[in-house]
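Chain by chain, the residues run as shown.
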Amino acid sequence: MMEYDLKYMRRALQLAALSPYYTHPNPMVGAVIVANGRIIGEGWHHRCGQGHAEVNAIASVREADRYLLQQSTMYVTLEPCAHYGKTPPCAQLIIDKKIPRVVVGAVDPFSKVAGRGISMLQEAGIEVVTGVLAEESIALNKKFFAAHTLQRPYITLKWAQSSDGFMDSDRSADGKPFKFSTSLGGVIVHRERALNDAILSTLATVEADGAQLNVRSFPGPSPRRVIVDVSVNPLELMAKLYSQGVTSVLVEAGPRFLNSMLEAEMWDCLRIETSPDILGECGRHTAPSIVIPSAVRITKSKIGNNTITVIERRSLT
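The residue numbering used here restarts from 1 in each chain and proceeds along that chain's sequence as written. For a predicted model such as this one, the threshold for reporting local features is a pLDDT of at least 70, and the threshold for listing and counting side-chain atom pairs is 80 or more; totals across whole chains, interfaces and linings nevertheless cover every residue. Here the side-chain values reflect all heavy atoms present in the structure, with hydrogen atoms and water set aside.

1. Some words on unusual backbone geometry
What counts here: Helical segments are the DSSP runs of H or I of at least four residues, strand segments are the runs of E of at least two, and each set is numbered from the N terminus. Think of it in three bands: residues with accessible area under 20% of the maximum for their type are buried, residues over 50% are exposed, and the middle band is partly exposed, with areas taken using a 1.4 Å probe on protein chains only.
Looking along the chain, the bond that leaves His24 and enters Pro25 is cis, with omega of 15°. One can find Pro25 in the loop between helix H1 (3-16) and strand S1 (30-35). Its identity is not glycine, yet Gln151 carries a phi of approximately 60°, on the positive side. With respect to the secondary-structure elements, Gln151 resides in the loop between helix H6 (142-150) and strand S6 (154-161). With a phi close to 60°, Glu265 is a non-glycine residue in the positive phi region. Mapping Glu265 onto the fold places it in the loop between helix H10 (255-263) and strand S11 (269-274). Residue classification places Glu265 among the partly exposed residues on the basis of a relative accessible area of 46%.

Printed below as a string of structure tokens:
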């Protein structure tokens, strides 16, 4: 693998990461066009329904450099699409612009692409190199890859608990839920919501907590609200959401529903906020018990006095 292929793919990955909130359910993608050792065009996917990275990179090329497209290499973090969706296929645009070489980070797992874009380019006589920083590209779009590989949304289960393992306290005094998060922790929770297609809870939790399930404390989009009965079948529910185009779900619910998701192995990430509070006899609703599989990545961080534990499966990288 040539060093300059790595260099420009790293730049494409930097560009891809610039828009984490508005592209989903599409992936984050970056593209760089290089001719004679010089970047002549760059672009990334800004928002679902708008131009893809390849389109934006080509559009960014100055008029004086347009002739160089026929001598250039395009670096793109994910395989160019080959189908008509909300936008025309990028593979055809690359062919039309006579770009002779394309370097691809990872093959698209989406069934309507999945190698078709690469085949389309190769059939047009374009040299295609694949697998350049593929792991980095997959990691950047782990939710997208998980959804189309597993045929269900990427699932994050989130809850807060006291240090002695309770999710709430006795509400007889004021009827309000126990507040575990700090103001900064609340901002981070709302950011997490903005990073997902949908937020899911049960009717019982929404009614008990007065939960709005939207984004208020962070400048990002609110996810689709999904409110279900506590006895719903997790497998059927997630299959239905995937069929509706949902690629990532943040679950904020009570322990009964969270335990049903854990028992069904329907999770990809656990996000647990633990406060130093000890609720003792006032504690209500014991937090879920976790059996952690071997192939996970565990990270811990502090927000004030609270500890955030994130447990991620490693099944896709």
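This is not the end of the story, as more comes after the structure.
2. Quick word on the sheet that holds strand S14 (residues 306-313)
Short version of the rule: Strands were regarded as paired on the criterion that DSSP finds at least two bridges between them. The axes used here are C-alpha line fits, helices contributing only the stretch in contact, and every angle between their N-to-C directions lies in the interval 0 to 180 degrees. Contact between two residues is taken to exist if any of their heavy atoms lie within 4.5 Å; hydrogens are not considered.
Reading across the sheet, the 7 strands line up as S9-S8-S10-S6-S11-S14-S13 and stay open at both edges, with mixed pairing between neighbours. Lying at the two open borders of the sheet, with one neighbouring strand each, are strand S9 (224-228) and strand S13 (296-303). Strand-to-strand twist across the sheet, computed as the mean angle between neighbouring axes with direction ignored, equals 20°. Seen against the sheet, H10 touches S6, strand S8 (198-202), S9, strand S10 (248-251) and S11 and runs at an angle of roughly 140° to S6.

3. Comments concerning the state of the cysteines
The condition that has to hold: To count as a disulfide, a pair of cysteine sulfur atoms needs to be within 2.5 Å.
Counted according to the given criterion, the structure contains 0 disulfides. Counting only cysteine sulfurs, Cys81 is the nearest neighbor of Cys48, a cysteine outside any disulfide, at a range of 12 Å. Residue Cys81 stays outside any disulfide, its sulfur separated by 3.8 Å from that of Cys90, the closest cysteine. Its relative accessible area of 7% is what places Cys81 among the buried residues.

4. Let's talk about the pattern of salt bridges
As a reminder, the rule being used: Every case where a carboxyl oxygen of Asp or Glu lies within 4 Å of a side-chain nitrogen of Lys or Arg is listed as a salt bridge.
For the coordinates displayed, the defined rule picks out 13 salt bridges. Across the pair Arg11 and Glu42 runs a salt bridge, and its minimum N-O distance is 2.8 Å. Placement of Arg11 in helix H1 and of Glu42 in strand S2 (residues 38-44) is noted, with a sequence separation of 31 residues between them. Classification of Arg11 as partly exposed rests on a relative accessible area of 30%. You can call Glu42 partly exposed: its relative accessible area is 25%. Across the pair Arg62 and Asp65 runs a salt bridge, and its minimum N-O distance is 3.2 Å. Looking at Arg62, the relative accessible area reads 53%, which means it is exposed. Salt bridges sharing common partners tie together Asp5, Arg101 and Glu127.

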